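# Working through the structure, step by step
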Amino acid sequence: MSSKHTARKKGMHMSKPMTRNHENPVSRSNAKRNILYALAAGTAVAIALGIFVPQKKPSGGWVPYDEARPTVAQFSGARVLTSDAPSFDFGRISMAAGNVSHRYSIKNTGTTPLTITEIFTSCMCTTATLTTRSARKVGPFGMPGHGLLASISESLAPGEAAQVDVVFDPAAHGPAGVGPTARTVTIVNDAGAALKLRFDGMVTP
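Residues numbered from 1 in each chain as written. Predicted model: local features only at pLDDT ≥ 70, side-chain atom pairs only at ≥ 80, totals over all residues. Heavy atoms only, no water.

This paragraph deals with the nonpolar core. By size, the foremost hydrophobic cluster in this structure holds 29 residues, and its most contacted members are Ile106, Ile116, Ile119, Val164 and Ile187. For this core, the elements supplying multiple residues, two or more each, are strand E2 (87–94), strand E3 (100–108), strand E4 (114–121), strand E5 (126–131), strand E6 (137–141), strand E8 (161–168), strand E9 (179–189) and strand E10 (195–204). (Core = buried A, V, L, I, M, F, W, Y, C linked by side-chain atoms within 4.5 Å. Buried < 20%, exposed > 50% of the residue type's maximum accessible area, 1.4 Å probe, protein only. Helix = DSSP H or I, 4+ residues; strand = E, 2+ residues; numbered from the N terminus.)

The following block contains the structure:
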């Protein structure tokens, strides 16, 4: 074999490592650039999800409407609107006998007039009607979200009393309603804490 041919083969063998050494930096550069692009894209997606995807609300059990309401000015302060007997026990209540009712007395014990701004019940089976000293009836009021609620803006002078007639339908929940029951009527006013009237009973068929 001639010396020229041998030299040519040696040159070919020597050129391969040189070519690989020349390409490796480019490949590494491209890989780094691809990684940077992927990180940037991932960051953008994460930011977009954080902005546009609504946060899930914490799950929890059912809470009665009058206990779930936010605390506002009408619910704070000393209680000025009071009742001498805010609780009542019906005892045994028969579904077959129909609705039962009870009359509560309420009074403005403050030194300035107050205005009743809202009345609502804790269940659709219960309604409440306000009767003032002048025999004016306002209502009936029920559970928010179940039918229309009457609006109210009724003033009571200092020392003035009124009546709240509460009606309970023991058959409203069907057979599932048999057993002990407790309901509330909440009366919101602009002078102090809301007044809650409560009744209990044992519902039977």
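We now examine the sheet that holds E9. Ordered by their spatial adjacency, five strands build an open sheet running E2-E10-E9-E4-E7, and the pairing between neighbours is mixed. Pairing within the sheet leaves two strands with one partner each, and these edge strands are E2 and strand E7 (154–156). When strand polarity is set aside, the average angle formed by the axes of neighbouring strands in this sheet is 30°. Sheet analysis places E4 next to E9, joined by five bridges and oriented antiparallel. Looking at E9, one finds that phenylalanine 120 is bridged to threonine 186. (Pairing = 2+ DSSP bridges. Axes fitted to C-alpha atoms, helices over the stretch in contact; angles between N-to-C directions.)

Turning to the sheet that holds E8, a few remarks are in order. The antiparallel open sheet is built from five strands, whose spatial order is E1-E3-E8-E5-E6. Single-partner strands in this sheet number two, and they are strand E1 (81–82) and E6. Taken together, the three bridges between E5 and E6 define a ladder with antiparallel strand orientation. Within E6, the residue paired with leucine 130 across the bridge is valine 138.

Tallying each qualifying case throughout the model produces three salt bridges. We note a salt bridge from arginine 103 to aspartate 165, for which the minimum N-O separation is 2.6 Å. Of this pair, arginine 103 sits in strand E3 while aspartate 165 is found in strand E8, placing the two residues 62 residues apart along the sequence. With a shortest N-O distance of 3.0 Å, glutamate 154 and arginine 136 are connected by a salt bridge. Placement of the pair is glutamate 154 in strand E7 and arginine 136 in the loop between E5 and E6, with a sequence separation of 18 residues. Looking at glutamate 154, the relative accessible area reads 10%, which means it is buried. On the basis of relative accessible area, arginine 136 is assigned to the partly exposed category, the value being 47%. (Salt bridge = Lys/Arg side-chain N within 4 Å of Asp/Glu carboxyl O.)

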